[in-house]
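# Coordinate inspection notes
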Amino acid sequence: KFKHYLLIYLYYCLYIHTYIHIYIFTCGRLFAGVVGESKWMINMQVTDIGSREDGKIWHRKSVSSKYGVLATVVRNASARQTKTVRFLHVAFDTTGESFLAGDHHGNIYVFDISRNRFKLVQKTGQACTALAFNLRRTTEFLVALADYSIKCFDKGQTLSWMRGHEGAISSLSIHSSGSYAISTSSDTAQLWNLDTFQRKRKLNVRQSVGIQKVFFLPHSNTILSCFSDDSIFAWESDTLFCKYQLPVPQDGPRIHYRTFAVTQDGKTLAAAGRSNLVHLWCLDSRQLLRVIHMPPEVKSVRFVDFLPDSFDGGSNQILGVLSQDGIMRFINIQSCKQIFEIGSHEDAIMLAAICPKGHHIVAVMDSGALRIYDVRSLTPEISKPPQPLLKRVTKGKSSEGSGLKMKVHTGAGQRPVKTSGRRIQSKVLPSAVSTLADKENDLPNGLNKKRLQALLRAFGEYPAKYRMFIWRSLLHLPENHAAFSSLTDKGLHSAYMCLQERYPIKSHKLQRGLQRVLSALAHWAAVFGETDYLPLLAFPFVKLFENNPLICFEVVATIIVNWCQHWFEYFPNPPLNVLSLAENVLAHHDKELLQHFVACGVTSQLYAWPLLETLFSEVLMREEWLKLFDNVFSNHPSFLLMAVVAYVTCCRAPLLLCTERKDFEYFFHHRNSLDISAMLKEAYRLMDSTPADIHPSSALSDFEPLTQGQYPIFNKYPTFIVEYQSQERERIRQQEVEYLRERQEVQELHAEAVRQQAEFEAWYKQQELLLQGEEQRRRILQEEESKLTQQRARLAAMKRELKVKELNLIDSSRRRFLKHQQDQRRIQLKRLDDEIQRKMVLRDQETAAAVQDIEVRQMELDAQRQLFEQQLAKEQERVSQTVRVEVDTRRRRAEIEDSTFQNFIQTNADVSQTNKKVYVHCCFIVSLDRGRGELDSKERELMQEIRELRTKLAARARAADFISPSTSSGHSH
């Protein structure tokens, strides 16, 4: 009965357990279905790597066919805390099977997707800002750190530490050969040699224009540099010459590029930024290929990258666009159809990296986790084989040609949005009506000339931080890179080949920069190759724009075109017409000083021309010169002449004291104590108070900037003089070349004649020397023969002496040997005597010791005898005592016997007593005899030993007696 109830209870428990499992399973399926429809996570594995240094990425590979998530990797600070350490950057290697990931604590991990393993490879101690694998050595990788440095690691060891940036490094680009790398920050880009880990080149930009990205094109030696003003330049990586510039789109709003991507064949560039437009550039034709309009929910683009395909031959057709909402959309750039997307508004993507093979995508999520996607599970259109070449012609309606701008759609294929003409803009901005004066005052980069002039009047100069930017805006520099490159490609001009001889400069870099700028000016206009003062005029600007020769060239060219008007009309003489303008102004405002100049014979060529041809660089300090040209560039070109007159009038007191011409020359070629603010104030006063008929502005034209694309033609000079001088210079150069050639030939002939003459003289001298040597050698030979004869005689005498010495030595050695033998025999005899004496002493000692031993043994025997006798006496006494006691006992017993038998017993008792006494006495005698026998035997043994010892002593004595006679006989001998 108990078993029956137990079975019922077990069946009931099993039923409840099964029901609960079915309920949980059903609820789970329903909950999973709801979550799968509301969110995006199905069967996703989350791996917490924690503090582990290696392990598996996923424990069970399960890829969702709908969302393509392989695994999500997170890193918690510790097992007890749920605080997540954010991953910051990722980068794939060339195989596409492994990628680097860096977290906020500075830990760098390598994730191997093919082997399903991850490993901690480096602890940098600080957050990383960019990562890149080295293409040559697969185990090396570069890490840009938060301290603006770059470290190269290999198998846990630091190979190099590259420093030089002053801002955070935003990107790292590796050349396809793996030998070079480019690091980019907002203010500079640096080219590194990865073989020596040394910086090769550095790209600096002005502060107003930041760098967005600088990177290598795939499988090419071209470097693309992208700036914050949407300008894109291509450079040759070996020579760093500008190859071309992509035209900045003028129509439509600015995109403000901030992310770029290039196809694997390097022919198409995708650029996007702070709008929902994506520009596609064809780098071969250098034209805008297409503008892609993203969906309305896209406000700006964070990141773009092409998704490679195995069958597209490097011309990637799928572009991934990560927008501000955290969703990365992948679109076909030909059809503008959205293929798939990853990420969501709830779980946004911050950054992504695409495998070079197009198999995987790794995304850095907003939560700081890493999510690995399998592209082949996201869409079946990836890595499909190309369609067959043979196609059938079908009838269909012809569609109108699409424009340049296309709109992204997510449904079936739609016709691209058509734009009118070939315009690129997405909307038309209302044109503002502006007056002519406003147009003249408007400057590039949003500046206004009137406001700048007001700022200049208030402070006297522009801020040093923004001075170069303001100058470029005031001068309207076109930055014609291609035109300037064509000028520099012509090389150094012949007029400036030996510039260092006329104008030696300590800095070789400045010397080369000055030669480059002057040569470009000479190639632009022939007159500048004949102008002697052009190096003085251009040098301060070369020093100021040392790192930007293009800007330096355009500044100098702008100054020549505007502030040097009419300077070359009287070439090669000074511009007397321009100097007369300054002299007229001086005559109007300071007649006394002009009369003093006339009285001293000083003309405007002495007091005005030195200031103009050097642009005040000889008489002003750097800060004063910059302050002056802040005002010169902000005013009419006539202001420069007014500044010359103002300088002269402000220095009128020392000039009135000068009377010698050399004093005036020294004054206008050296620095003087002058208040630059007072001079500028005087220049403005002259500008305002000079009558219009003598004002230089009436003779000088208004400011005209350089033209865009190509530089203007400069021919305002007497061409026949310049050509004549050029021809004369060429003729003189040819004559010099001919003269140098003839002189070289004459020198060669003279050198040949001198050489032959020297050879003849050397031959004669050699013959004379040979004869002299022969005679000298004969004399030496005779002297040697006489010396040899003398030496032979001396040698024979020496031999005789040596023979005598040898015989003496032999005799002395024989005597010494005999003496030595006698000494040896004497020493040996002495040694034997000592040995005998020692043995005799030893024998006496042994005899005395033996006697002492015998005496001690005798004493021991005596002591033993006495002890044995004592023991015998004691034993006898004890036996007597025992016998006496026994006798007494038996007597007492006998007395007790029956009186009747007393006689008989008495008789028997007497007999027995007698026998017993005899027996006891006999035993005592026997024992005494036995003790005496033992003592006699021991005594006999001792006597035997004494006899043997005496025998040995006697034998030794006989031996000693035998040796002593022989010794005495030896001594006697």
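Residues numbered from 1 in each chain as written. Predicted model: local features only at pLDDT ≥ 70, side-chain atom pairs only at ≥ 80, totals over all residues. Heavy atoms only, no water.

## A word on helix 19 (residues 676-689)
Put simply, the rule reads: Numbering of helices and strands starts at the N terminus; helices are DSSP runs of H or I of at least 4 residues and strands are runs of E of at least 2. Helix span, as expected, comes to 1.5 Å for every residue beyond the first. Remark: exposure states derive from per-residue accessible area (1.4 Å probe, protein chains only) relative to the maximum for the residue type, with buried under 20%, exposed over 50%, and partly exposed in between. In what follows, residue pairs with any heavy atoms lying within 4.5 Å of each other are defined as contacts. Within 3.5 Å is the distance limit for a polar contact, defined as a pair of N or O atoms, with the added protein rule that one can donate a hydrogen and the other accept it, and that residues adjacent in sequence qualify only through two side-chain atoms.
The end-to-end C-alpha distance of helix 19 is 20 Å, a good match for the 20 Å that 14 residues give at a rise of 1.5 Å each. For helix 19, the set of buried residues is I676, M679, L680, E682, A683, Y684, L686 and M687. Structurally, helix 19 contributes buried residues whose contacts are with helix 4 (449-459), helix 11 (576-589), helix 15 (622-633) and helix 16 (639-650). Capping of helix 19 at its N-terminal end is provided by D675; its side-chain oxygen lies 3.3 Å from the backbone amide nitrogen of S677.

## Re the sheet that holds strand 10 (residues 150-154)
Through backbone hydrogen bonds, the strands of a sheet pair up, either in parallel or in antiparallel fashion. The condition that has to hold: Paired strands are those between which DSSP finds at least two bridges. Axis definition: a line fitted to C-alpha atoms, over the contacting stretch in the case of helices. Angles run 0 to 180 degrees between N-to-C directions.
Spatially, four strands are ordered 8-9-10-11 in an open sheet, and the strand pairing comes out antiparallel. The open sheet has two edge strands, strand 8 (128-133) and strand 11 (157-162), and neither has a second partner. The mean inter-strand angle of the sheet, taken between neighbouring strand axes irrespective of direction, is 20°.

## Observations concerning unusual backbone geometry
The backbone of D230 sits at a positive phi, close to 70°, despite the residue not being glycine. Not every positive phi belongs to a glycine, and H476 is a case in point at roughly 55°. Checked against the element boundaries, H476 lands in the loop between helix 5 (467-475) and helix 6 (481-488). Among the residues examined, H476 registers a relative accessible area of 24% and is labelled partly exposed.

## Examining the pattern of salt bridges
Note the cut-off: By definition here, a salt bridge exists when the distance from a side-chain nitrogen of Lys or Arg to a carboxyl oxygen of Asp or Glu is within 4 Å.
Scanning all chains against the criterion turns up 29 salt bridges. Residues R467 and E461 are paired through a salt bridge, measuring 3.2 Å at the closest nitrogen-oxygen approach. You can call R467 buried: its relative accessible area is 3%. Connected through shared salt-bridge partners, E297, D325 and R329 make up one network.

## Here we look at helix 11
A rise of 1.5 Å per residue sets the reference length of helix 11, with its 14 residues, at 20 Å; its end C-alpha atoms lie 20 Å apart and thus fit the reference within 8%. Listed in full, the buried residues belonging to helix 11 are N577, V578, L579, L581, A582, V585 and L586. Taken together, the buried residues of helix 11 touch helix 12 (591-599), helix 13 (604-607), helix 14 (609-613) and helix 16.

## With respect to the packing of aromatic side chains
Selection rule: A pair of aromatic rings is counted whenever rings of Phe, Tyr or Trp (Trp by its six-membered ring) have centres within 6.5 Å, and the orientation is called stacked for planes under 30 degrees apart, edge-to-face for over 60 and tilted otherwise. In this scheme, the term charge over a ring applies when either NZ of a lysine or CZ of an arginine sits within 6 Å of the ring centre and within 35 degrees of the ring normal.
Scanning the model with the defined rule gives 36 aromatic pairs in all. Both rings, one in F616 and one in Y647, keep their centres 6.1 Å apart while their planes meet at 75°; by these two values the pair is edge-to-face. With a gap of 31 residues between them, F616 in the loop between helix 14 and helix 15 and Y647 in helix 16 connect regions that are remote in the sequence. By relative accessible area, which is 0% here, Y647 ends up buried. Aromatic ring contacts, followed pair by pair, group F484, W524, F528, Y533, F553, W567, F568, W609, Y711 and F714 into a single cluster. In this structure, K151 packs its charged tip against the face of W161, placed 4.5 Å from the ring centre.

## Quick notes on the sheet that holds strand 14 (residues 188-193)
Pairing is antiparallel in the open sheet, where four strands are placed in the order 12-13-14-15. Of all the strands in the sheet, the pair left with one neighbour each is strand 12 (169-174) and strand 15 (198-204). Across the sheet, the axes of successive neighbouring strands diverge by a mean angle of 20°, strand direction being ignored. Across five bridges, the pairing between strand 12 and strand 13 (residues 180-185) is antiparallel. Pairing of L172 across the sheet is with S183, part of strand 13.

## Comments concerning the pairing of strand 6 (residues 107-112)
Buried residues dominate strand 6, accounting for five of its six residues. Pairing analysis gives five bridges linking strand 5 (residues 98-103) to strand 6, with the strands arranged antiparallel. The partner of S98 across the bridge, within strand 6, is D112. A loop of three residues connects strand 5 with strand 6, the two strands running antiparallel in sequence, and G106 in this loop sits at a positive phi of about 90°. Note that strand 6 and strand 7 (residues 117-123) share six bridges and pair antiparallel.

## So, the nonpolar core
To keep it simple, the criterion reads: Residues belong to one nonpolar core when they are buried, are Ala, Val, Leu, Ile, Met, Phe, Trp, Tyr or Cys, and are joined through side-chain atoms within 4.5 Å.
Residues L521, F541, F616 and F633 are the most contacted members of the largest nonpolar core, which totals 104 residues. With 10 residues, helix 16 is the single largest residue contributor to this core. Beyond its immediate stretch of four places on either side in the chain, F541 contacts C552, V555, V556, I559, L615, W625, F629 and F633. In this structure, I49, F92, F118 and V364 belong to the second largest nonpolar core, which totals 22 residues.

## A word on the packing of helix 5 against helix 15
Note the cut-off: In what follows, roughly perpendicular refers to angles from 65 to 115 degrees, roughly parallel to angles under 35, roughly antiparallel to angles over 145, and oblique to any angle outside these ranges. Throughout, a crossing is termed right-handed when the near helix is turned clockwise from the far one, and left-handed when it is turned anticlockwise from it by less than a right angle. Each residue is assigned to one class: nonpolar for Ala, Val, Leu, Ile, Met, Phe, Trp, Tyr, Cys and Pro, charged for Asp, Glu, Lys and Arg, and polar for all the others, Gly among them.
Two numbers describe how helix 5 lies on helix 15: the axes approach to 10 Å, and their chain directions differ by 30°. Of the possible angle classes, the one that applies to helix 5 and helix 15 is roughly parallel. As for how helix 5 packs across helix 15, the hand of that crossing is left-handed. Together, R467, W471, L474 and L475 of helix 5 and W625, L626, F629, D630 and F633 of helix 15 make up the contact between the two elements. Taken together, the residues of the contact of helix 5 with helix 15 break down into seven nonpolar, no polar and two charged.

## A closer look at the side chain of S634
Position of S634 relative to the elements: it lies in the loop between helix 15 and helix 16. Residue S634 is classed as buried on the basis of its relative accessible area, which comes to 1%. Contacts of S634, omitting those with residues within four sequence positions, involve K449, Q453, L456, Y462 and L474.

Keep in mind these numbers describe shape, not what the thing actually does.
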